[in-house]
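# Chains, contacts and geometry: an overview
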Amino acid sequence: MAKFIIEGQHPLKGTVRSQGAKNAATPILTATLLTNDKCLLRNVPRITDVENILKILQSLGSKIKWEDEHTITIFNRQVALTSLDKKLVSSMRSSILFIGPLLVRFKEFEIPEPGGCIIGARPIDTHLYALEKLGAKISRFNGYYKFERQDLDGSEIILPEFSVTATENVIMAASLAKGRTIVKLAAAEPHIQDLCVFLNKMGAKIKGIGTHTLIIDGVKKLSGTEHTIIPDQEEIGTLAVASALTKGKIEIKNIIPEYLEIILLKLSQIGVRFEIKKNSLFLNPSSELRSFTLQALPYPGFPTDLQAPFGVLATQCQGTSLIKDPLYEGRLGYIQELIKMGANAIIADPHRVIITGPTPLYGQEIRSLDLRAGASLVLAGLIARGQTTINEAQIIDRGYEKLDEKLNSLGARIKRIKD
């Protein structure tokens, strides 16, 4: 357990480098199970979710070595289910990404229901439907799922929803299935594209990358490879909002502009001043921030993981903003914490909030609630008058690598206290 003590109202200034994408690293790490050869991955973020994925891999028998701070080699020649850390699997949502690779390696296995942040109902029906279309037989009992299969055969699959992790699971399983798989209404987020690029480097045959229709021709074997994880668009967006809130002047290195288009468009509409030079995003102080309407949507729409940081930004915008997030009914929990700090916000229903600004925020003792909410409340603490205490701050470490240290390097004053 940890807490952050934040002294607010210090503008940010300086240069930081974005981390590797959490949502790309987790599926790519599990995808290394699809080969017996060694894989080398660069730009791997040192975050709790990655550490836990690696622990699960090690419990299966994976040989893992950190070559430097963000480079890792993984060797999965000898893996077995007998020592799978089921307790750790049940504690994190990302563990669902083991299903596709395990289905390829084993004809039968059991896995507990994945856990994760409490942001609303997150059923895995789409995963089960897609994998059954490939030939898996699935049953559920006492909080466990049992998977069985003979051969995995290509199929045409229309996903009932734009599920990111279901798309990733079916991509991984279909890469080594017999014949052709066509996935329609596939999610197309940058981290899914990165997974596809990684698998193609291993010898997979995936077409339609970046679109909502994927064509996957199964191969008999995948080989080891080297790969660099893409930058994290959620971290970049969070840091950009931090700069805008504090009227800061920062440079964020290591970006891929095409993956940030809708985020940068929204910042521009709000009045945030920035420019892109090569692979860096330069943010400058803005005189006035304008209210806005935002709706979280599947890529290339606005990412749900950045809805909360922009909710904090709305408290400092002139006028009334409307934020809609239809994906999870628990995503707006952070609003109650913002209201404690002085925000003028009304939760219209579980998916919509109305925020009027600008309003001063005041330091309070608040809770992280979930990963994205926790990071967003850190942003609120940066501009609050007085001292803000954020409890359960270790939740933020699930997706952000040393966020407190990174912000402190830019001039913030955040103290981490371990309980």
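Whatever comes next refers back to the structure up there.
Attention here is on the structure that accompanies the text. (Residues numbered from 1 in each chain as written. Predicted model: local features only at pLDDT ≥ 70, side-chain atom pairs only at ≥ 80, totals over all residues. Heavy atoms only, no water.)

The helix and strand tally for the chain stands at 13 helices and 23 strands. Relative to a compact globule of 419 residues, whose C-alpha radius of gyration would be 22 Å, the chain shows 21 Å and is just as compact. Seen through its C-alpha atoms, the chain measures out along the principal axes to roughly 60 × 45 × 40 Å. Burial status across the chain gives 57% buried among its 419 residues. Look at the contacts in the chain between residues 6 or more apart in sequence, and 73% of them connect residues 24 or more apart. For the chain, the accessible area works out to roughly 16600 Å², and carbon and sulfur atoms hold 49% of it. Here the chain carries 52 positive and 44 negative side-chain charges, and the mean point of each set is 3 Å from the other. (Helix = DSSP H or I, 4+ residues; strand = E, 2+ residues; numbered from the N terminus. Rg over C-alpha atoms; globule rule 2.2 N^0.38 Å. Buried < 20%, exposed > 50% of the residue type's maximum accessible area, 1.4 Å probe, protein only. Contact = heavy atoms within 4.5 Å. Areas by Shrake-Rupley, 256 points an atom, 1.4 Å probe, with all protein chains shown as cover. Lys, Arg positive; Asp, Glu negative; His and termini not counted. Charge placed at Lys NZ, Arg CZ, Asp CG, Glu CD.)

Right, let's get into the nonpolar core. Of all hydrophobic cores here, the largest spans 75 residues; its most connected members are Leu57, Phe98, Leu131, Phe147 and Leu199. Setting aside its immediate chain neighbours within four residues, Phe147 contacts Ile99, Leu103, Lys107, Glu108, Phe109, Ile111, Leu128, Leu131, Lys137 and Ile138. With 65 residues, the next largest nonpolar core counts Ile6, Leu245, Ile355 and Ile414 among its residues. (Core = buried A, V, L, I, M, F, W, Y, C linked by side-chain atoms within 4.5 Å.)

This next bit is on the packing of helix α6 (residues 164–174) against helix α7 (residues 190–202). At a minimum axis distance of 10 Å, the contact between α6 and α7 shows a crossing angle of 10°. Put simply, α6 runs roughly parallel to α7. Residues Val164, Thr167, Glu168, Ile171 and Met172 of α6 form the contact with α7, whose participating residues are His191, Ile192, Leu195, Cys196 and Leu199. (Axes fitted to C-alpha atoms, helices over the stretch in contact; angles between N-to-C directions. Parallel < 35°, antiparallel > 145°, perpendicular 65-115°, else oblique.)

Taking 1.5 Å per residue, 13 residues should reach 18 Å; helix α2 (residues 48–60) reaches 19 Å between its end C-alpha atoms and fits that length. Listing the buried residues of α2 in full gives Asp49, Val50, Asn52, Ile53, Leu54, Ile56, Leu57, Ser59 and Leu60. Packed against the buried residues of α2 are α1 (22–31), β4 (63–68), β5 (71–75), α3 (86–89) and α4 (99–105). Gly61, located one to two residues past α2, shows a positive phi value of around 115°. (Expected span 1.5 Å × (residues − 1).)

What follows concerns the sheet that holds β4. Neighbouring strands of a sheet are bound in pairs by backbone hydrogen bonds; such pairs are parallel or else antiparallel. Taking strand neighbours across the sheet as the criterion, the four strands line up as β4-β5-β3-β13 in an open arrangement whose pairing is mixed. The open sheet is flanked by β4 and β13 (226–228), the only strands paired with a single partner. Averaged over all adjacent pairs, the angle separating strand axes in this sheet is 20°, with direction ignored. Relative to β4, α2 is tilted by about 140°, and along the sheet it contacts β4 and β5. (Pairing = 2+ DSSP bridges.)

Moving on, we get to the layout of surface pockets. In this model, the second largest pocket occupies a volume close to 370 Å³. Forming the walls of the second largest pocket are 20 residues, and the residues nearest its centre are Ala244, Leu245, Lys247, Gln316 and Ile383. Mapped onto the lining of the second largest pocket, the elements with two or more residues apiece are α8 (233–245) and α12 (371–383). In the lining of the second largest pocket, the residues fall into 10 nonpolar, seven polar and three charged. (1 Å grid on protein atoms, 1.4 Å probe; cavity = no way out; pocket = protein on both sides within 12 Å on 5 of 7 lines; lining within 4 Å. Points joined across faces, edges and corners; volume = space filled by probe spheres on them. Nonpolar A, V, L, I, M, F, W, Y, C, P; charged D, E, K, R; others polar.)

Bringing the environment of Pro285 into the picture now. Take Pro285: it is sitting in the loop between β16 (280–284) and β17 (293–295). Classification of Pro285 by relative accessible area gives partly exposed; the value is 33%. Put simply, Pro285 and Lys249 are 36 residues apart on the chain and 6.0 Å apart in space, counted from C-alpha to C-alpha. If we ignore the near neighbours within four places in the chain, the residues touching Pro285 are Lys247, Gly248, Lys249 and Arg273.

Here the focus is α8. Here α8 is 13 residues long and its end C-alpha atoms lie 18 Å apart, about the 18 Å a rise of 1.5 Å per residue gives. Across the 13 residues of α8, 13 count as buried, placing the element largely inside the fold. At the N-terminal boundary of α8, the capping side chain belongs to Asp232, with an oxygen 2.9 Å from the backbone nitrogen of Glu234. Just beyond α8, the residue with positive phi is Lys247, at close to 55°. (Polar contact = N/O pair within 3.5 Å; in protein donor to acceptor, adjacent residues only side chain to side chain.)

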